[in-house]
Amino acid sequence: MYEENGRLFARIEQADYGINGNIDYKFEDRLLPRLEDAFRELATHDAHMKLLLWEIARREGETDREAKMRIHRSLPRATGVLRLLQRGGVALLGEFVELCEAHGLEYFLSYGTLLGAVRQGGFIPWDDDLDVGMPFDDSERLAKIVEGDDRYEWSVVYDQNVYCKQIRFRYADAAVPCFIDVFIYDYTEDAACIAEAYAALRRELVDEVKREEEENGLEGKKYLSASDGCSKKIAEVFDRYRRRAEVEGLICPREEAAVLRYGLENMDDPASGARAFSLSDIFPMTRVRFEGVECFAPREYEKILSSCYGDWLELPKDLHTHFEHIDKSKVDADILADRFGRDE
């Protein structure tokens, strides 16, 4: 009986090896090279089409850069509910800027908002949110100011999809869902060991948050508001690791710093470019206009855009895939139109 079973298992193993070996051969030696050739052909075709496009689009006497800027600025604006949300966002941004500058708080436009300001002069046509960066201490001061101002809300949500502390400045009126994402930055020294230790501390933080999830049955709760009692343990983890960063000398006063580094509270996303900038790339900041609102932006904003997006003047790839932060079907357009008006 045992001998018969042994022979049977041996034959199954032999058949399995033969089938998988054949599959591996057909994929690695036959299909994979063809896929790689196809990807190279597509990339070459894409490059050719871009060259042709910009050659056709460029007017007499224009440089490539001038033609690209003109094309981006001529893209049609958003319409309908999305445009109403954008108009509300512009109003909120203006109030945010006034609040920060009245209290001497530093901020700078970031990510898609910086890109839109430089490239379009305002909202990217399909975007629905706003992004700013703030040094940690300034964000803490702003949070306290907002607590005493019933016009606004300082929203803190622990996003357990990417283990970050999602901070938003928004109107207190829930009928107006416009918001500004606030990304925290820290002052640090410019040393490889600091960067490595900072990244290691972030990994430890994420591991501990995961343990808290398991121990407290929070795996199914992916968005935990700071006002939700369930978030208390997660909040304590973030606070404890920030104190560790300070005690271990990974964060320093601005006068001793050389770098402004993406904060521990933010999500890990290596695909979206550099997360540490020389202070000379940020300060002294310059001014840019975002649909009529004069805002602070990093001094070397083009360098920063290149680090985040590569060739930021090329036509974007997310025209139809950009993530929608606000469910437009739940927005009362009449409320937005009454408060912020419509485009003429």
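Here's what I pulled together on the structure shown here. Computed from a prediction, not measured in an experiment: that's the story for all the values here.

**Digging into the overall build of the protein chain**
Link 1 in the chain: If you tally the helices and strands in the protein chain, you get ten helices and ten strands.
Link 2 in the chain: A total of about 19,400 Å² of accessible surface is found on the protein chain, and carbon and sulfur atoms cover 52% of it.

**Let's talk about the side chain of Thr188**
Link 1 in the chain: If you trace the backbone, Thr188 turns up in strand S5 (residues 179-188).
Link 2 in the chain: Accessibility expressed as a relative area gives 0% for Thr188, which makes it buried.
Link 3 in the chain: Excluding residues within four positions of it along the chain, Thr188 makes contact with Ile194, Leu250, Cys252, Ala257, Ala258, Val259 and Arg261.

**Concerning helix H3 (residues 80-102)**
Link 1 in the chain: Compared with an ideal rise of 1.5 Å per residue, which puts 23 residues at 33 Å, H3 spans 34 Å between its outermost C-alpha atoms and is within 8% of the ideal.
Link 2 in the chain: Once H3 ends, the next one or two residues include Gly104, with phi positive near 65°.

**So, the packing of H3 against helix H5 (residues 136-147)**
Link 1 in the chain: In contact at an axis separation of 11 Å, H3 and H5 are set at 110° when each is read in the N-to-C sense. Between H3 and H5, the angle falls in the class roughly perpendicular. Contact residues: Phe96, Leu99 and Cys100 in H3; Leu142, Ile145 and Val146 in H5.
Link 2 in the chain: Among the residues making up the contact of H3 with H5, the classes are represented as six nonpolar, no polar and no charged.

**Structural notes on a negative patch on the surface**
Link 1 in the chain: Together, Asp137, Glu140, Glu236, Asp239 and Glu246 make up a region of like negative charge exposed at the surface.
Link 2 in the chain: Among the elements of the structure, H5 and helix H7 (232-247) are those that each provide at least two residues to the negative patch.
Link 3 in the chain: Top contributing element to the negative patch by residue count: H7, with three residues.
Link 4 in the chain: Inspection of the secondary structure puts Glu140 in helix H5.

**Points about the pattern of salt bridges**
Link 1 in the chain: For the structure on display, the rule yields 26 salt bridges.
Link 2 in the chain: Ionic pairing is found between Arg70 and Glu62, a salt bridge with its closest N-O pair at 2.8 Å.
Link 3 in the chain: Overall, the relative accessible area of 18% leaves Glu62 in the buried class.
Link 4 in the chain: Lys222 serves as the salt-bridge partner of Glu213, at 3.7 Å between the closest nitrogen and oxygen.
Link 5 in the chain: Among the charged side chains, a network of salt bridges with common partners joins Arg77, Arg83, Arg87, Glu291 and Asp343.

**Here we look at the packing of aromatic side chains**
Link 1 in the chain: Counted under the stated rule, the structure contains twelve aromatic pairs.
Link 2 in the chain: Where Phe183 meets Tyr262, the ring centres are 6.4 Å apart and the plane angle is 25°; that geometry is what we call stacked. In this pair, Phe183 sits in strand S5 while Tyr262 sits in strand S7 (residues 259-262), placing the two residues 79 residues apart along the sequence.
Link 3 in the chain: Given the relative accessible area of 18%, Phe183 is considered buried.
Link 4 in the chain: Three or more aromatic residues joined by ring pairs make a cluster, and in this case those are Phe96, Tyr107, Tyr152, Phe169, Tyr171, Phe296 and Phe340.
Link 5 in the chain: The ring of Phe283 has Arg254 lying over it, and the distance from NZ or CZ to the ring centre is 3.9 Å.

**Overview of the pairing of strand S3 (residues 152-159)**
Link 1 in the chain: With respect to burial, S3 is a largely interior element, seven of its eight residues being buried.
Link 2 in the chain: Bridge count between S3 and strand S4 (residues 164-171): eight bridges; the pairing is antiparallel. In the sheet register, Val157 faces S4, and the bridge partner there is Gln166.
Link 3 in the chain: With antiparallel pairing between neighbouring strands as the criterion, S3 and S4 make up a hairpin whose turn holds four residues, including Tyr163 at a positive phi of roughly 55°.
Link 4 in the chain: In terms of strand pairing, S3 meets strand S6 (residues 223-225) through three bridges, oriented antiparallel. If you follow Val157 over to S6, its bridge partner there is Ser225.

**Some thoughts on unusual backbone geometry**
Link 1 in the chain: Going from Phe283 to Pro284, the amide bond is cis rather than trans, its omega being -10°.
Link 2 in the chain: You can see Pro284 is positioned in the loop between helix H8 (279-282) and strand S9 (286-290).
Link 3 in the chain: In the Ramachandran plot, Glu291 falls in the positive-phi region, its phi being about 50° despite a non-glycine side chain.
Link 4 in the chain: Here Glu291 shows up in the loop between S9 and strand S10 (293-297).
Link 5 in the chain: Judged by its relative accessible area of 23%, Glu291 is partly exposed.

Procedures and definitions
Residue indices begin from 1 for each chain and proceed along its sequence in written order. Local features in a predicted model are, by the rule used here, given only for residues with pLDDT of at least 70; side-chain atom pairs are given and counted only at 80 or more, and totals for whole chains, interfaces and linings are based on all residues. Calculation of side-chain values draws on the structure's entire complement of heavy atoms; hydrogens and water are dropped beforehand. Put simply, DSSP marks the helices as runs of H or I at least four residues long and the strands as runs of E at least two long, and each gets a number from the N terminus on. Residue-level accessible areas treat just the shown protein chains as cover; the underlying method is Shrake-Rupley with a 1.4 Å probe. The buried label goes to any residue with under 20% of its type's maximum accessible area, the exposed label to any with over 50%, and the partly exposed label to all in between, with areas taken from a 1.4 Å probe on protein chains only. Here, two residues are considered to be in contact whenever any of their heavy atoms come within 4.5 Å of each other. Multiplying one less than the number of residues by 1.5 Å gives the expected span of a helix. Convention adopted: a line fitted to C-alpha atoms gives each axis, helices being fitted over their contacting stretch, and angles between N-to-C directions are expressed from 0 to 180 degrees. Each angle receives one of four descriptions, namely roughly parallel if under 35 degrees, roughly antiparallel if over 145, roughly perpendicular if within 65 to 115, and oblique otherwise. Under the scheme applied, nonpolar residues are Ala, Val, Leu, Ile, Met, Phe, Trp, Tyr, Cys and Pro; charged residues are Asp, Glu, Lys and Arg; polar residues are all the others, including Gly. In this scheme, patches are assembled from residues that exceed 30% relative accessible area and form no salt bridge. Like charges are connected within 9 Å, while nonpolar side chains (Val, Leu, Ile, Met, Phe, Trp, Tyr) are connected within 5 Å. One side-chain nitrogen of Lys or Arg within 4 Å of one carboxyl oxygen of Asp or Glu is enough to make a salt bridge. Only four residue types enter the tally: Lys and Arg on the positive side, Asp and Glu on the negative side, with His and both chain ends excluded. Charge coordinates come from a single atom per side chain, which is NZ of Lys, CZ of Arg, CG of Asp or CD of Glu. Stacked, tilted and edge-to-face are the three classes applied to pairs of Phe, Tyr and Trp rings, where Trp contributes its six-membered ring and a pair requires centres within 6.5 Å; stacked means planes under 30 degrees apart, edge-to-face means over 60, and tilted covers the rest. Either the NZ atom of lysine or the CZ atom of arginine qualifies as a charge over a ring when it sits within 6 Å of the ring centre and within 35 degrees of the ring normal. The pairing criterion is simple: DSSP has to find at least two bridges between the two strands.

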